[in-house]
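Structure assessment
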Amino acid sequence: MGLIEVESKVRVNDVSEIRRKIKKIAKFVKIEKKIDDYYSLEHNGYPKKSLRVRNKGKKREVNFKQRLNYKNGIWAKREVEFTVSDLKGFFELLNDFGFKKWLRKEKITELYRTKNGVNIELNYVKNLGYFMEIEVMCKETGRDVEIARKKIEKIRKLLRINRRDIEKKGYTRALWEMRK
């Protein structure tokens, strides 16, 4: 069974202020630098489908998502993720199937977690700025997704997030549009 990522992304204007608010409701977990390369079979325009390859040292973490729906500033996406240890073979396979690298995303993530398991990331995305992501991973049932949405809405309310700061566009779309 797959997992569903339920997530709201918010543009951050005052990093110190939002960090202070987050620390009141969540515990700091770690800081992590993430370098992601995106590959697609489509080579013209913004691709409908792509996969992300995250550098994890001697391994790569491969991830792809399918958007399910967007309601009240919250995305639900089916997510598949696995690690690859045979890098040479994996990249030969991508090349043989016609995948081409089309984008690189670099971000530094401060991860926080609430008592009820909601992840809050304060992200600096190179060339885009600061964003906050409020995320819950859940099973693939409508009920679980709705419970996750309610948790996210509650966190946004606690953090006093202004609706105009909710970002619908993904990082890859914003970076791709910058390049054009």
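It should be noted that the structure appears before, not after, this text.
Residues numbered from 1 in each chain as written. Predicted model: local features only at pLDDT ≥ 70, side-chain atom pairs only at ≥ 80, totals over all residues. Heavy atoms only, no water.

1. Some thoughts on the overall build of the protein chain
Looking only at helices and strands, one finds four helices and eight strands in the protein chain. The order of α-helices and β-strands along the protein chain, N terminus first, is β-α-β-β-β-β-α-β-β-β-α-α. Against the globule reference of 16 Å for 180 residues, the protein chain gives a C-alpha radius of gyration of 17 Å, in line with a compact fold. Taking all 180 residues of the protein chain together, the buried fraction comes to 44%. In the protein chain, the share of contacts with a sequence separation of at least 24, taken over all contacts with a separation of at least 6, comes to 66%. When the accessible area of the protein chain is evaluated, it comes to approximately 10800 Å², of which 50% is carbon and sulfur surface. For the protein chain, the centre of its 49 positive side-chain charges and the centre of its 26 negative side-chain charges are spaced 3 Å apart. (Helix = DSSP H or I, 4+ residues; strand = E, 2+ residues; numbered from the N terminus. Rg over C-alpha atoms; globule rule 2.2 N^0.38 Å. Buried < 20%, exposed > 50% of the residue type's maximum accessible area, 1.4 Å probe, protein only. Contact = heavy atoms within 4.5 Å. Areas by Shrake-Rupley, 256 points an atom, 1.4 Å probe, with all protein chains shown as cover. Lys, Arg positive; Asp, Glu negative; His and termini not counted. Charge placed at Lys NZ, Arg CZ, Asp CG, Glu CD.)

2. Considerations on helix α1 (residues 15-25)
Quick reminder: α-helices carry 3.6 residues per turn. Residues three or four places apart thus point the same way. Residues V15, I18, K21 and I22 constitute the buried set of α1. In a view along the axis of α1, the buried residues occupy a sector of 130°, so they form one face of it. Those residues of α1 that are exposed and aimed more than 90 degrees away from the buried face are S16, K23 and K24. Looking at the buried residues of α1, the elements they touch are β6 (100-113), β7 (119-125) and β8 (129-139). The N-capping residue of α1, defined by a side-chain oxygen 3.3 Å from the backbone nitrogen of S16, is D14. (Arc of directions from axis to C-beta. Polar contact = N/O pair within 3.5 Å; in protein donor to acceptor, adjacent residues only side chain to side chain.)

3. Observations regarding the packing of aromatic side chains
Here the distance between the centres and the angle between the planes together describe a pair of aromatic rings. Per the stated rule, a full pass over the model turns up nine aromatic pairs. With a centroid separation of 5.4 Å and 85° between ring planes, the pair formed by Y46 and W102 is classed as edge-to-face. Of the two residues, Y46 is situated in the loop between β2 (27-40) and β3 (51-56) and W102 in strand β6; the sequence distance between them amounts to 56 residues. K9 extends its terminal NZ or CZ atom over the ring of Y171, reaching a point 3.9 Å from the ring centre. Across the ring face of Y46, the terminal group of R173 is positioned such that the distance to the ring centre comes to 3.8 Å. (Phe/Tyr/Trp six-rings, centres within 6.5 Å; stacked < 30°, edge-to-face > 60°. Lys NZ or Arg CZ within 6 Å of the ring centre and 35° of its normal.)

4. Structural notes on the sheet that holds β8
Pairing within the closed barrel is antiparallel, and its eight strands lie in the order β1-β5-β4-β3-β2-β6-β7-β8. When the angles between neighbouring strand axes are averaged without regard to direction, this sheet yields 35°. Direction of pairing for β6 relative to β7: antiparallel, over a ladder of seven bridges. What sits directly across from T109, in β7, is N123. (Pairing = 2+ DSSP bridges. Axes fitted to C-alpha atoms, helices over the stretch in contact; angles between N-to-C directions.)

5. Some remarks on the side chain of K21
Structurally, the position occupied by K21 is in helix α1. Despite its burial, K21 pairs with no opposite charge; the closest candidate is E17, at 4.2 Å N-O. Setting aside its immediate chain neighbours within four residues, K21 contacts L159 and R160. (Salt bridge = Lys/Arg side-chain N within 4 Å of Asp/Glu carboxyl O.)

6. As for the pairing of β2
The side chains of a regular strand alternate, residue by residue, between the two faces of the sheet. Note that β2 and β6 share 13 bridges and pair antiparallel. For Y39, the partnering residue across the bridge sits in β6 and is K101. Where β2 meets β3, four bridges bridge the pair, whose relative direction is antiparallel. For Y38, the partnering residue across the bridge sits in β3 and is R52.

So yeah, pure geometry; function would need other evidence.
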